[in-house]
Amino acid sequence: MAMAKSTVTVTGNLTAHDRQILAAVNGVASSLSLVGSGFIVLCYLLFKELRKFSFKLVFYLAVSDMLCSFFSIIGDPSQGFFCYAQGYTTHFFCVASFLWTTTIAFTLHRTVVRHKTDVEDLESMFHLYVWGTSLVMTVLRSIGNGHGHLGVWCWSQRGQTGKASTEDVFVVHFITFYVPLWGAILFNGFTYFQVIRMLNNATRMAVGMSERGYQLDSRVDSMKALNRWGYYPLILIGSWAFGTINRIHDFIEPGHQIFWLSFLDVGMAALMGLFNSIAYGLNSSVRRAIYERLDLVLAREAQKMVPWLIENQRPAAGKRTSFLENPRPTLATYFHH
């Protein structure tokens, strides 16, 4: 993790040691997210049976999380090109990440609640919406701003000449990041609420019209799906609630950061990719594909091993054996004739 000597100073009331701890937490948590999202990307590329439209959206989400985590690992680089690259790329891919979650929620709602089958035709619109909005938010953040250090990462702020006030930095950052973030959280929460209510009603109707044994199985399967979907909006809330509180606190009391709040802010935000990979990626289809591939590999290896074991258990040509020399029967004893 690159950290220049010029950055190891006191920022607000955070000491150099505090900043090093936050940078380390960011690096570890971002690495976990990078591994988790990278695993989902690898599964999509390896298993053709996963390349359905629904999981394709999860793949795009994982790519955004992976790149967001990768650039976050850079941490707190020295001022210059790397500060620009780290700050703006992290902003771009983090915004893209939670926007992809809205496309997943929209697809589920359109399929389950509205009974539409045209969601695959909307893929190009999804790309335009996600990447276009992320680009606009990133460009708006950069207009009239230089680069500098705000917290652990590089964020937009003016240089020493004509330096922007803390209020200006807060407003720009809040509009270009936290407004679309909480808009996505509200949209996902409302959408999944409608989907869950729809499926609950459908499940109750099915239970009333079916036999008792089927009722229990249907009820259990539906509740598993409902419980899983109910967690999706909580991922963004858990990942960014502390960051939102920290930004508001910085606005109210600039230069008086709270270390434990910054710690939770950095750690939870950097774990978003890991949370998404577990909730969206490690579903029953992915687990089934992994188990089937492992079964094939193990079966193939077993077929290779059995002839090798038989061959190695055969006595050498011309060598006389007896039960005294080899009292226990082996595989060769049964396959020799």
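See the structure above.
Residues numbered from 1 in each chain as written. Predicted model: local features only at pLDDT ≥ 70, side-chain atom pairs only at ≥ 80, totals over all residues. Heavy atoms only, no water.

Below, the discussion takes up the overall build of the protein. A count of helices and strands for the protein gives 10 helices and 2 strands. Within the protein, the fraction of its 337 residues that count as buried is 41%. A fraction of 74% describes how many contacts in the protein between residues 6 or more apart in sequence connect residues 24 or more apart. Summed over all atoms, the accessible surface of the protein reaches about 18,800 Å², with 66% contributed by carbon and sulfur. (Helix = DSSP H or I, 4+ residues; strand = E, 2+ residues; numbered from the N terminus. Buried < 20%, exposed > 50% of the residue type's maximum accessible area, 1.4 Å probe, protein only. Contact = heavy atoms within 4.5 Å. Areas by Shrake-Rupley, 256 points an atom, 1.4 Å probe, with all protein chains shown as cover.)

This next bit is on the state of the cysteines. Evaluated as defined, the whole model comprises 1 disulfide. Here Cys68 is linked by a disulfide to Cys94, with a sulfur-sulfur distance of 2.1 Å. Here Cys68 is found in helix α2 (residues 53-73), whereas its partner Cys94 is found in helix α3 (residues 81-112), with 26 residues between them in sequence. A residue is classified by how much of its surface remains accessible, and Cys68, at 6% relative accessible area, is buried. (Disulfide = S-S within 2.5 Å.)

This paragraph deals with the side chain of Ser30. Among the secondary structure elements, Ser30 is positioned in helix α1 (residues 16-46). Given the relative accessible area of 1%, Ser30 is considered buried. If near-sequence neighbours (up to four positions away) are discounted, Ser30 is found in contact with Ser69, Ser72, Ile73 and Ala270.

We note that His115 has phi near 60°; this positive angle belongs to a residue other than glycine. As for its placement among the helices and strands, His115 is situated in the loop between α3 and α4 (123-142).

Contact pair helix α7 (residues 259-270) / helix α8 (residues 272-281): the axes reach a minimum separation of 4 Å and the direction vectors enclose 40°. Comparing their axes, α8 and α7 come out oblique. On α8, the residues that touch Met268, Ala269 and Ala270 of α7 are Met272, Gly273 and Phe275. Of the residues that constitute the contact of α7 with α8, the class distribution is 5 nonpolar, 1 polar and no charged. (Axes fitted to C-alpha atoms, helices over the stretch in contact; angles between N-to-C directions. Parallel < 35°, antiparallel > 145°, perpendicular 65-115°, else oblique. Nonpolar A, V, L, I, M, F, W, Y, C, P; charged D, E, K, R; others polar.)

Let's shift gears to the nonpolar core. Among the nonpolar cores identified, the biggest contains 48 residues, and Phe98, Phe177, Leu181, Leu236, Trp240 and Tyr280 are the most heavily contacted of them. The set of elements that each furnish at least two residues to this core consists of α1, α2, α3, α4, α5 (166-209), α6 (212-252), α8 and α9 (284-313). Per-element accounting of this core gives the leading share, 12 residues, to α3. In contact with Phe98, other than residues within four places in its own chain, are Phe177, Pro180, Leu181, Ala184 and Leu236. (Core = buried A, V, L, I, M, F, W, Y, C linked by side-chain atoms within 4.5 Å.)

How two helices sit against one another is set out by the angle between their axes and by the gap between those axes. With their axes 12 Å apart at the nearest point, α2 and α4 run at an angle of 20° to one another. Of the possible angle classes, the one that applies to α2 and α4 is roughly parallel. Here the hand of the crossing between α2 and α4 comes out right-handed. Here Phe53, Lys56, Leu57, Tyr60 and Ser64 of α2 lie close against α4, whose contacting residues are Glu123, Phe126, His127 and Trp131. Its residues placed into classes, the contact of α2 with α4 shows 5 nonpolar, 2 polar and 2 charged. (Left-handed = near helix turned anticlockwise from the far one by under 90°.)

In this section: the pattern of salt bridges. Pairing is possible between side chains of opposite charge, provided their charged atoms come close. Inspection of the entire model under this criterion finds 4 salt bridges. For the salt bridge of Asp265 with Arg247, the shortest nitrogen-to-oxygen distance reads 3.2 Å. One end of the pair, Asp265, is in helix α7; the other, Arg247, is in helix α6, and 18 residues separate them in sequence. Taking relative accessible area as the criterion, Asp265 reaches 4% and is therefore assigned buried. Judged by relative accessible area, which is 15%, Arg247 ranks as buried. A single network of salt bridges, built from pairs that share partners, joins Arg247, Asp250 and Asp265. (Salt bridge = Lys/Arg side-chain N within 4 Å of Asp/Glu carboxyl O.)

Keep in mind that these numbers describe shape and distance, not what the molecule does.
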